[in-house]
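One letter stands for each residue in the lines below.
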Amino acid sequence: MELTRYIQLESNFFNIAITMYVISMALYFLFFVGKNEKHGKYATFFIKIAFIFHTVALITRGAAAGRVPLTNQYEFATSFAWGIALCFMVFEYKYNFRAMGAFVSPIVFLIIGYAAMQSKDIRPLMPALQSNWLVFHVATAVIGYGGFGVACGVSFMYLFKNKFKEDAFFKKHMPSLEKLDLISYRAIALGFLFLTLCIATGAIWAEQAWGRYWAWDPKETWSFITWVIYSIYLHARIMKEWSGRKAALFSIIGFICVLFTYIGVNTLLPSIHSYA
Amino acid sequence: MNQDSVFKDIWKALHSMKFGMILLLIISISSIAGTVIPQNNPLSFYKREYGSFTYTLISTLDLHKVYTSWWFIAMMVVLSINLTLCSVIRLPGLLRKMLHMPAVEKEMSRSDFLVREEIYGEIDVKKLFRKARFYRLKVQETEKGTFYFAYKHRFGHLGSWLTHVGLLIIIVSYMFGQITGFDTYIYGVPGVQEEIEHTSYMMSIDDFDIDFRPDYTVNQYTSSITIKNSVTEEIMKVGKTAVNEPFRMDNFSIYQNGTGWAVDMLLERDGEEIAERILYQSEIHVDDNQRIALQFSNFYPDFDNSRGMPRTISPYPNKPRFLYSVFYEGQRVDMNVAEMGQPIEWQEYTFIVTNPRQFTLLQIVSDPGIPGAKVGGLVLLHGIMFAFYFHPKQLKAFKDKEGRLTIWGDTIRNQEAYKLQIQQFLTNYDKKQGGNSDGAY
């Protein structure tokens, strides 16, 4: 199949996915505000459909490019949104609290919306990117950032929970504050493990490509800052000093750092990572 | 405040987790400066680019070289001390927790059970533990009965400790590598031979190849090199280095770092040759007591000026031109684009430039800290895995002389989930056995 045909096909799948995510987000919102169970079920259904189309779009792009689609701003943004959607579905399945979708789906939409604004051109890889470590490095970033995205959504949920009057609907679909705190912690633990793997694989790759495993490049430095923010969060929980509201706020700050590491560093700071 | 209490406070701070966290936060916040202020430029650059107050701040605090400044290194050293003390002090307690078998009397007199149940009837305790996926069982006979104890994922206790030790190893290895290693560059065209600084070797560049795709993007840069003993010229190793495929020697590696254009330059004064050399892109050749100089500013292998701006339409030297500047007695007197072989004349001097070809830029790095950093990274990752996903769990049981079995469990993390897991297990087990139990959760 021709490259342009592949790109058209991928674009169609991507557009269907983004539409489904928007529908799902609206339904989650209606479910949460209108307290209508049906909307919630449809929202979960639509996010699954969106995820399937999103996955197919990524596979199609991979087939078109002849490599793993994780090498430029568009590819990483769409994979990042895919990672958050995947982590959200796993956490929704595990904890069975549908209202999480009202808080996490806007984050998915935000990231995939950013992806939609990027160039979708498929270009051959520059020599530095032709490494097997690329797959491990970026895939671990996708899962790690996905975990942090879910934690951020859940932390927003925590902060919002006090604003709403507790009734049977919220009791059923919104976890207790303790449970929300625990879900956020679990998502951050997952994100932290994968961020560490991402930094470790990046260091190994950097040594092969650039002759040093750590050189305080802005991207490396901001990954380190993000890692420190989340390690402080984890320590503060152990010391039982920060749980609940403070922890939720810290989780949101951590995700702002994640977004800056990904988008801010690429657009605002000079970095040898500027293709990522 | 007396001196003793000051030392006590410093000691207390040095091994406290809170101090380590604050230090990490300060290190990360201060490292932001290195991402917004361009690093490692001469101070004159900052004087020119910033206001006087900002310049004073940058020069006083070494913000132009944040990561090698004395205060940044001092913070890293203090962090290493904090990590070392925390790790040393915590280890005995963690080992006790990991290896200790609780005393029966103490356990039986407890009232803070996470989950506890009494079961009556004939029960095969070892089988029950196996069903609960606790395979290593310790049995202790006492006067009052038999005590059963199983401990799963006990390495989980070491998770956080390993994480800290891993980080410590990485920091120490990084500092060791920075102090004992070196980093240097060699550039040249095929045929060039250069000494490798800090080593007893020299390197000759045998070949340099750039693999272009049909759309002229670069697929790979490859340099063929030979490493020889500097004194005896004995060949030590022959090989290639390409991007992502470094050339490894015992204690250093050679990386394909960059490329550019080089030409052969001839300088004549009144028709008599006074200099001949390879001139690399961006270099200036200064001669005759600094009276005359030629700067090689840019190169256009496939020159095109149809858009009013010099550019190249392909990377191949089909129509090579080079952009130069001539300096005479310190003043720029000429700047133009010239063909290969075209004489560039000024006063009694004539430059002739020929034979354009691409040179390779190779980076030679020695970092003896790399093996340590690898070990540290591995330890750190295992630590995080153990800390998050290997929760130490204990299952204990006591069967008294009357045959009554009391079973209880403990864990330090994720207690609610473990409590639920044991309750469900015992309920299901009880149903299968058709027994009679008396829960006391």
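Given the structure is predicted, the values throughout are model-derived calculations rather than measurements.

Q: Honestly, the overall build of chain A in this entry has me stumped. Any pointers?
A: Looking only at helices and strands, chain A features nine helices and zero strands. Listing the helices and strands of chain A from first to last along the sequence gives α-α-α-α-α-α-α-α-α. Since a compact globule built from 276 residues should have a radius of gyration of about 19 Å, the 19 Å found for chain A is in line with a globular shape. Along the three orthogonal principal directions, the C-alpha set of chain A runs to about 60 × 50 × 30 Å. The burial tally for chain A puts 60% of its 276 residues in the buried class. For chain A, restricting intrachain contacts to residue pairs at least 6 apart in sequence, the fraction spanning at least 24 positions comes to 80%. In the form shown here, chain A has an accessible surface area of approximately 11,300 Å², with 68% of it arising from carbon and sulfur atoms. Charged side chains of chain A number 24 positive and 14 negative; the gap between the two group centres comes to 8 Å.

Q: Help me understand the domain arrangement of chain B in this model?
A: Interfaces are often described in size by the accessible area the parts lose on coming together. All names here are of chain B. Its domain assignment divides chain B into domain 1 (3-95), domain 2 (101-152 + 392-428), domain 3 (154-177 + 367-390) and domain 4 (182-365). For domain 1 and domain 3, the distance between their C-alpha centroids amounts to 21 Å. Between domain 1 and domain 3, roughly 1,100 Å² of surface is buried when both sides are summed, and carbon and sulfur atoms account for 76% of that area. The interface formed by domain 1 and domain 3 contains zero salt bridges. Where domain 1 packs against domain 3, one counts two residue pairs in polar contact (both at pLDDT 80 or more).

Q: Help me understand the nonpolar core, please; the structure alone is not making it clear to me.
A: Nonpolar side chains tend toward joint burial in soluble globular proteins. Formed by 124 residues in total, the largest nonpolar core has its most connected members in Y21, F80, I84, V150 and F255 of chain A together with F72 of chain B. When residues of this core are sorted by domain, at least three fall in each of domain 1 (3-95) and domain 3 (154-177 + 367-390) of chain B. Not counting chain neighbours up to four residues away, the residues in contact with F80 of chain A comprise I111, V142, Y145, G146, F255, V258, L259 and Y262 of chain A. Counting 20 residues, the second-largest nonpolar core is a separate cluster that includes V125, Y148, L405 and I407 of chain B.

Q: Would you explain the packing of aromatic side chains in this entry?
A: Aromatic ring pairs are reported here in terms of the distance separating the ring centres and the angle at which the planes meet. Inspection of the entire model under this criterion finds 50 aromatic pairs over all chains. Ring plane angle 85° and centroid distance 5.7 Å describe the contact between W216 of chain A and F224 of chain A, whose orientation is recorded as edge-to-face. This pair shows no difference in class: W216 of chain A is buried, exactly as F224 of chain A is. Taken together, the ring pairs connect F76, F80, Y114, Y145, F255 and Y262 of chain A into an aromatic cluster. The ring of F247 of chain B is capped by K237 of chain B, whose NZ or CZ atom sits 5.1 Å from the centre of that ring.

Q: How should I be thinking about the packing of helix α3 (residues 73-95) of chain A against helix α5 (residues 133-161) of chain A in this particular structure?
A: Helix packing geometry: the angle between the two helix axes and the distance between the axes. Residues and elements named next belong to chain A. With their axes 7 Å apart at the nearest point, α3 and α5 run at an angle of 55° to one another. Between α3 and α5, the interaxial angle falls into the category oblique. Considering how the two elements wind past one another, α3 and α5 form a crossing that is right-handed. Only V138, A141, V142, I143, Y145, G146, G147, G149 and V150 of α5 make contact with α3, whose side of the interface consists of F76, S79, F80, W82, G83, I84, L86, C87, F88 and F91.

Q: Explain the pairing of strand β3 (residues 145-152) of chain B to me, please; I cannot follow it from the model alone.
A: Every other side chain in a regular strand lies on the same face of the sheet, so the side chains alternate between the two faces. By the criterion of burial, β3 of chain B is predominantly enclosed, with eight of the eight residues buried. Linking strand β2 (residues 137-141) of chain B to β3 of chain B, which pair antiparallel, is a turn of three residues.

Q: Could you clarify how one ought to interpret the interface of chain A and chain B in this entry?
A: Chain A puts 40 residues into the contact, and the matching count from chain B is 43 residues. Overall, the association of chain A and chain B removes approximately 3,600 Å² of surface from exposure, summing both partners, and the carbon and sulfur fraction of that is 69%. Considering only the side of chain A, the residues that lose the most area to chain B are P127, Y213 and W216 of chain A, jointly responsible for 19% of the buried surface there. Seen at the junction of chain A and chain B, the total is one salt bridge. For R248 of chain B, the salt bridge identified is with E207 of chain A, shortest N-O distance 2.8 Å. Summed over the shared surface of chain A and chain B, the result is eleven residue pairs in polar contact (both at pLDDT 80 or more).

Q: Looking at this structure, how should I read a nonpolar patch on the surface?
A: A surface patch of nonpolar side chains, about 230 Å² in accessible area, is lined by V68, V135 and F136 of chain A. Within the fold, V135 of chain A resides in helix α5.

Q: Got a minute to help me understand the side chain of R61 of chain A in this structure?
A: Residues and elements named next belong to chain A. Relative to the helices and strands, R61 resides in helix α2 (residues 37-65). Taking the relative accessible area as the measure of exposure, R61 reaches 1% and is therefore buried. Among the polar contacts listed, one links the side chain of R61 to the backbone oxygen of D121, at a separation of 3.1 Å.

Q: I keep staring at the sheet that holds strand β12 (residues 284-287) of chain B and nothing clicks. Help me out?
A: Whenever strands of a sheet pair, they do so through backbone hydrogen bonds, lying parallel or antiparallel. Residues and elements named next belong to chain B. Spatially, the four strands line up as an open sheet ordered β12-β13-β16-β17, and their pairing is antiparallel. Two strands close off the open sheet at either side, each with one partner strand: β12 and β17 (331-339). The average undirected angle you get between the axes of adjacent strands in this sheet is 20°. The pairing of β12 with strand β13 (residues 292-300) spans four bridges and is antiparallel. Note on β13: the bridge partner recorded for H285 is L294.

Q: Any chance you could explain the confidence of the model for chain B here in plain terms?
A: Any residue range with low pLDDT should be treated as having predicted coordinates unsuitable for detailed reading. Residues and elements named next belong to chain B. Taken residue by residue, chain B gives an average pLDDT of 91. The fraction at 70 or more is 97%. Summarising per-element confidence for chain B, the mean pLDDT is lowest in strand β22 (residues 436-439) (50) and highest in strand β8 (residues 235-242) (97). Both scores are given for the predicted complex: the pTM is 0.88, the ipTM 0.86.

Calculation criteria
Residues numbered from 1 in each chain as written. Chains lettered and ligands numbered in written order. Predicted model: local features only at pLDDT ≥ 70, side-chain atom pairs only at ≥ 80, totals over all residues. Heavy atoms only, no water. Helix = DSSP H or I, 4+ residues; strand = E, 2+ residues; numbered from the N terminus. Rg over C-alpha atoms; globule rule 2.2 N^0.38 Å. Buried < 20%, exposed > 50% of the residue type's maximum accessible area, 1.4 Å probe, protein only. Contact = heavy atoms within 4.5 Å. Areas by Shrake-Rupley, 256 points an atom, 1.4 Å probe, with all protein chains shown as cover. Lys, Arg positive; Asp, Glu negative; His and termini not counted. Charge placed at Lys NZ, Arg CZ, Asp CG, Glu CD. Domains from an automatic or database assignment. Buried area = accessible area lost by both parts, 1.4 Å probe. Salt bridge = Lys/Arg side-chain N within 4 Å of Asp/Glu carboxyl O. Polar contact = N/O pair within 3.5 Å; in protein donor to acceptor, adjacent residues only side chain to side chain. Core = buried A, V, L, I, M, F, W, Y, C linked by side-chain atoms within 4.5 Å. Phe/Tyr/Trp six-rings, centres within 6.5 Å; stacked < 30°, edge-to-face > 60°. Lys NZ or Arg CZ within 6 Å of the ring centre and 35° of its normal. Axes fitted to C-alpha atoms, helices over the stretch in contact; angles between N-to-C directions. Parallel < 35°, antiparallel > 145°, perpendicular 65-115°, else oblique. Left-handed = near helix turned anticlockwise from the far one by under 90°. Pairing = 2+ DSSP bridges. Patch = residues over 30% accessible without salt bridge, like charges linked within 9 Å, V, L, I, M, F, W, Y side chains within 5 Å. pLDDT = per-residue confidence, 0-100.

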